[in-house]
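# Structural features, examined
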Amino acid sequence: MVFGIEHKVKSHRTGRRRKKGGQQKLVAPWIVITLVSVLVASGLTWGFVALLRSGCSGEVYRVTVAAAPSVYGSLGDAAQEWEREQPELNGECVGVAVTEVSAADASRGITGTWDTMSFGKRPVAWAPDAQAWASWMTSSEATAGYVSSDPVALGEAGSVLAVAESTATELGWVGGEPPSWADVVAAASAGEISLAAANPRSSTEGLVALLNASSDGAGGFSQAAADAYAAAIEAGSSAADAEGLKNAYVEAADSSQVMTMLDYQVEDFNSSSESADPLVPVVPSGSSVSAVASYMVLGGAAWVSEPDARIAEMFGEYVSGQVESGAFSDPDLKPVDDAAAALGQATPETVGAAVRAWQSGAQDLNVLFLLDWSSAVMEETVEYEGDTVEAGIAAVRMAVDMVGEMEPTWRAGLWEYGVGAGEDQNWRSVAEGAEMSDDAKSDLTNTLYDLSEEAVFEGGSPLYDSLVAAYADLNANLVEGAANVIVVLTNSGEDTASLPTVGETADALAGMAGSATVYTVGFGEANAENLTQLAAATGGEYLPAPSEGGVLGAIAPA
């Protein structure tokens, strides 16, 4: 049997606390019949024809708007409401199709290679959940002219530090003068707190925190402040996003951990937590950048035609009117008092300097994905990104997501394993390790999708022999100065196809004294005990596969 990812397009999940989209009211047929009779009887047949033909006619032509999850629902509602007004351009019915794409993914795709398999059509307009992403996009000379109309400010969320109430009280951070970012970094250096940051290249909460922490106090960038912030994180921890930070916080149960978040993320955590020591949002003094969600038209991009840009502009004008009247609202966002000031909080020059400094200071990553493609991966279904799919398909999708989040200087390769996968062994190299340029990302993503359409290998899951072989290979091809890791993706962890036991395999890995680290990611009913033992033998760890992804943040260097 051949398995695959249908249409090679990830389903778009519903946003948080989304309002239900309205439905067009139906007119009862007897009302229409009565109306026709009256019109005909009165000799006003032309009036009925005009009624039927009012507005545009024919199918609706829609352009794509890529929207961040926090505004996806509200913009989708606005799109439906706009279409009820039957907008038209040159006599043709027009509208917009709003698709859910994280701001980080959209930023990378707009400036590089757009992943149509994961995110659908290239967008004509973009609605990130922070204007800072647009500033990052336009910080490059090649993309500086992509935005062709003034952005519409949709609302904003505050950039905060999430602190246990007991810790914030002890430090004097509540009920008095809030700390500055220098105070926060000093507290981290003194061991009073452990600073946990979301990655600024994969999350909005991480990006706005970086901009505030590295500010020179006058709207510019300070290298010294950025270095101090990076040092505090290196002594603490990081994750791909706030969800990863929250998961680590719950697992560690450490009230001294301080996390970079948005204000509504703190609210969400407290609403779902039964902790007697809730998190409180602390806004360091001097913070000037918030997450200002906006809508903009990409009329300057090569793939956007003039008519498509005009349709997107028409929708933007409609949304702008809704914002001004108060009709547009989102449960995560507060209204913006001064739109011009909010949209100008972070200039392209400042954002570009901060992100480039972050990237240059971070350690590179070299990943070898070791993917279980034995029959076991199709015998169990799991939840991933809102879908119920086979464990093997979830593993492929997780690998695709991780590839999409990687920096251009990071490297990745792919092995698969199953009984008879290679000519005389149970594993084979599917894609050699390569730097994740836009083209390389696209190639590896396509390779993963192609693999998902291939039949699995019948028989057991030969993890032990395959992992030892992969570990030896990666240690023989280490990337100097990078974190070299193997990421095992499986729903098994039990191996009757290899000769050694799990204990003998762990001993073999420990005895190889390599510099690579193994992370085992278990889906569904995976044997967590075995996978933990294998990872720990190399200094790595076992990670239960999160249903919403986010694994890269747990293994990537800060």
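Predicted model, so just to flag it, every value in this text is computed and none were measured.

On to helix α17 (residues 438–452), then. In a regular helix each residue adds 1.5 Å, so 15 residues correspond to 21 Å; α17 covers 21 Å between its end C-alpha atoms and thus fits that length. Looking at the packing, one finds that the buried side of α17 touches α4 (103–111), α5 (116–119), β12 (364–372), α16 (391–405), β15 (411–417) and β16 (427–435).

All right, on to the packing of helix α19 (residues 502–511) against helix α20 (residues 528–536) then. Contact geometry of α19 with α20 gives a least axis separation of 8 Å together with a crossing angle of 20 degrees. With respect to α20, the axis of α19 lies roughly parallel. Of the two possible hands of crossing, α19 and α20 adopt the one that is right-handed. Packed against α19, whose contacting residues are V502, G503, T505, A506 and L509, the element α20 presents N530, Q533 and L534 at the interface. Class assignment for the residues of the contact of α19 with α20 results in four nonpolar, four polar and no charged.

Another aspect to go through is the pairing of strand β17 (residues 482–490). The buried count for β17 comes to nine of nine residues, which makes it a mostly enclosed element. Inspection of the sheet shows β12 paired to β17 by eight bridges, in the parallel sense. Note on β17: the bridge partner recorded for F369 is V487. Crossover β17 to strand β18 (residues 517–522) through α19 is right-handed.

The next thing to look at is the sheet that holds strand β19 (residues 542–544). Here six strands make up an open sheet; going across it, the order is β16-β15-β12-β17-β18-β19 and the pairing mixed. In this open sheet, the two edge strands, each paired with only one partner strand, are β16 and β19. Neighbouring strand axes in the sheet, compared pairwise and without regard to direction, differ in orientation by 20 degrees on average. The pairing of β12 with β15 spans seven bridges and is classified as parallel. Within β15, the residue paired with D372 across the bridge is Y417. Contacts between α20 and the sheet are confined to β17, β18 and β19, with β18 contributing the most and set at about 165 degrees to the helix.

In this structure the tally under the stated criterion is seven aromatic pairs. Ring plane angle 85 degrees and centroid distance 5.7 Å describe the contact between Y146 and W303, whose orientation is recorded as edge-to-face. Here Y146 is found in the loop between α6 (131–137) and β5 (152–157), whereas its partner W303 is found in the loop between β11 (291–297) and α13 (306–325), with 157 residues between them in sequence. The class for W303 is partly exposed, based on a relative accessible area of 26%. Grouping aromatic residues by their ring pairs yields a cluster made of W82, Y295 and F315. One cation-aromatic arrangement involves R122 over W303; the distance from NZ or CZ to the ring centre is 4.1 Å.

What follows covers unusual backbone geometry. Positioned with a positive phi, N90 is a non-glycine residue whose angle comes to about 55 degrees. The residue N90 is located in the loop between β2 (88–89) and β3 (92–100) in this model. You will see that E385, though not glycine, has its phi angle at about 50 degrees, which is positive. With respect to the helices and strands, the residue E385 is situated in the loop between β13 (381–384) and β14 (387–390).

The strand order across the open sheet formed by five strands is β8-β7-β9-β6-β10, and the pairing between neighbours is mixed. The sheet terminates laterally at β8 (237–239) and β10 (279–282), the two strands that pair on one side only. In this sheet, neighbouring strand axes are inclined to one another by 30 degrees on average, regardless of whether the strands run parallel or antiparallel. One ladder, built from three bridges, connects strand β7 (residues 194–198) with β8; its direction is parallel. From the neighbouring strand, A196 faces β8, where its bridge partner is S237.

What counts and what doesn't
- Residues numbered from 1 in each chain as written.
- Predicted model: local features only at pLDDT ≥ 70, side-chain atom pairs only at ≥ 80, totals over all residues.
- Heavy atoms only, no water.
- Helix = DSSP H or I, 4+ residues; strand = E, 2+ residues; numbered from the N terminus.
- Expected span 1.5 Å × (residues − 1).
- Contact = heavy atoms within 4.5 Å.
- Axes fitted to C-alpha atoms, helices over the stretch in contact; angles between N-to-C directions.
- Parallel < 35°, antiparallel > 145°, perpendicular 65-115°, else oblique.
- Left-handed = near helix turned anticlockwise from the far one by under 90°.
- Nonpolar A, V, L, I, M, F, W, Y, C, P; charged D, E, K, R; others polar.
- Buried < 20%, exposed > 50% of the residue type's maximum accessible area, 1.4 Å probe, protein only.
- Pairing = 2+ DSSP bridges.
- Right-handed = clockwise from strand over helix to strand, strands pointing away.
- Phe/Tyr/Trp six-rings, centres within 6.5 Å; stacked < 30°, edge-to-face > 60°.
- Lys NZ or Arg CZ within 6 Å of the ring centre and 35° of its normal.

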